Amino acid sequence: FAHHLLMDQEILMVTLLGPAGTGKTILAVDAGHAQVPARYEQLHIFRPTQELGEPQGFLPGDIVKKFEPWTTPIYDAFDVICNFKKEDIADSRKMGIKNRRDRVKMHVQDLINCGELDMSPINYLQGCNLRDQFIIVDEPQNFKKKDIKKIVSRPAGKSKMVLTGDPDQIAKDHMDAKSNGFVHLIERYKGQEEFAHLVLKKKIYRGRLAELAAELL
């Protein structure tokens, strides 16, 4: 069902809600990857820079280097999507590829270099004009109601926006599973023909430990 909604050009916005490990991000990235550049000019993935636990403080480097720690889930998704085999890595060793992770990074960098992929911190989304793109906003549950409006008003032209999150993973004390902007958006958009919402909860694909976390904590 999720794949069908993500591939349907008549549906301009999709929200996928579910606990960690249900495949929300992987499904969204896979659909975007499959439709660029045939249907959309670029796959653009936005992620928050909300830290878990105590802030680490200043990070060295330019904006790309600073944002690297928050792009890990995207590389994880491409790792599953590409499913590189040992022979793929062996063929790439002459280019300095030592393991599967290096091979995934090379694939992602190739997509970035040719303009088919961009990964950005959500902090800089305000004011953007995202035209003819497949846009993914990952982990939007930590945004306030006023912030979510700034986010979903950015697509232009034939763009499609996908939001993937879990209200039970809110990292801010002043919000809960019902008062956050992500759930507010879902409630307000219900009934719109261009909008589709799906809850993923039947299966945790990450593994047994993730299943236990969802069941017991």
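Each value, and the rule that gives it
Residues numbered from 1 in each chain as written. Predicted model: local features only at pLDDT ≥ 70, side-chain atom pairs only at ≥ 80, totals over all residues. Heavy atoms only, no water. Helix = DSSP H or I, 4+ residues; strand = E, 2+ residues; numbered from the N terminus. Expected span 1.5 Å × (residues − 1). Buried < 20%, exposed > 50% of the residue type's maximum accessible area, 1.4 Å probe, protein only. Arc of directions from axis to C-beta. Contact = heavy atoms within 4.5 Å. Pairing = 2+ DSSP bridges. Axes fitted to C-alpha atoms, helices over the stretch in contact; angles between N-to-C directions. Parallel < 35°, antiparallel > 145°, perpendicular 65-115°, else oblique. Nonpolar A, V, L, I, M, F, W, Y, C, P; charged D, E, K, R; others polar. Salt bridge = Lys/Arg side-chain N within 4 Å of Asp/Glu carboxyl O. Phe/Tyr/Trp six-rings, centres within 6.5 Å; stacked < 30°, edge-to-face > 60°. Lys NZ or Arg CZ within 6 Å of the ring centre and 35° of its normal.

1. Looking at helix α2 (residues 24-35)
For the α-helix, the turn length of 3.6 residues means that residues three or four positions removed from each other point alike.
In step 1: Between its first and last C-alpha atoms α2 spans 17 Å; for 12 residues at 1.5 Å apiece the expected length is 16 Å, and the two agree.
In step 2: Looking at α2, one finds that the buried residues are K24, T25, A28, V29, A31, G32 and Q35. For α2, the angular spread of the buried residues around the axis is 160°, confining them to a single face.
In step 3: Where α2 is buried, its residues contact α1 (2-7), β1 (13-17), β2 (42-47), α4 (72-82), β5 (133-138) and β7 (160-165).

2. So, the sheet that holds strand β3 (residues 117-121)
In step 1: Spatial strand order, β3-β2-β5-β7-β1-β8: six strands in an open sheet with parallel pairing. Each edge of the sheet is formed by a strand with only one pairing partner; in this case those strands are β3 and β8 (195-199). If you compare each strand with its neighbour and ignore which way they point, the axes differ by 15° on average.
In step 2: Bridge count for β5 against β7 is five bridges, and the pairing is parallel. Opposite D138, over in β7, you have T164 as the bridge partner.

3. Some words on unusual backbone geometry
In step 1: In this structure, P37 follows V36 across a cis peptide bond, with omega equal to 5°.
In step 2: Considering the arrangement of structural elements, one finds P37 in the loop between α2 and β2.
In step 3: Unusually for a residue other than glycine, N83 sits at a positive phi of about 50°.
In step 4: By secondary structure assignment, the location of N83 is in the loop between α4 and α5 (86-92).
In step 5: The class for N83 is partly exposed, based on a relative accessible area of 44%.

4. Description of the packing of α4 against helix α6 (residues 100-113)
In step 1: The contact between α4 and α6 brings their axes to 9 Å, and the two run at 100°. Classified by the interaxial angle, the pair formed by α4 and α6 is roughly perpendicular. Residue-level contacts link T72, Y75, D76, F78, D79 and C82 of α4 to R100, R101, V104, K105, H107, V108 and L111 of α6.
In step 2: When its residues are assigned to classes, the contact of α4 with α6 shows six nonpolar, two polar and five charged.

5. Regarding the pairing of β5
In step 1: When you tally the buried positions in β5, you get six out of six residues, the bulk of the element.
In step 2: Side chains of β5 alternate between two faces, with Q133, I135 and V137 and F134, I136 and D138 buried alike.
In step 3: In terms of strand pairing, β2 meets β5 through five bridges, oriented parallel. By the bridge assignment for β5, Q42 is matched with Q133.

6. Focus on the pattern of salt bridges
In step 1: If you walk through the whole model with that rule in mind, you get five salt bridges.
In step 2: Of the charged contacts in the structure, one is a salt bridge between D138 and R47, with a shortest N-O distance of 3.0 Å. Here the residue D138 occupies a position in strand β5, and R47 occupies one in strand β2, the gap between them amounting to 91 residues. The pair D138 / R47 is uniform in exposure class, with both members buried.
In step 3: One salt bridge in this structure joins R100 and D79, with 3.0 Å as the shortest N-O distance. Separated by 21 residues along the polypeptide, R100 in helix α6 and D79 in helix α4 bring together distant segments of the chain.

7. Section: α4
In step 1: Of the positions making up α4, those classed as buried are I74, Y75, A77, F78, D79 and C82.
In step 2: In this structure, the buried side of α4 is in contact with α2, β2, α6 and β3.

8. Here's the deal with the packing of aromatic side chains
In step 1: Tallied over the full model, the rule gives two aromatic pairs.
In step 2: Between Y40 and F134 the ring centres are 5.6 Å apart and the planes differ by 70°, which places this aromatic pair in the edge-to-face class. Note that Y40 is positioned in the loop between α2 and β2 and F134 in strand β5, a separation of 94 residues in sequence.
In step 3: Under the relative-accessibility criterion, Y40 is labelled buried at 3%.
In step 4: The buried category is assigned to F134, whose relative accessible area is 0%.
In step 5: Geometry around F84 places R103 over its ring, the cationic atom sitting 4.4 Å from the centre.

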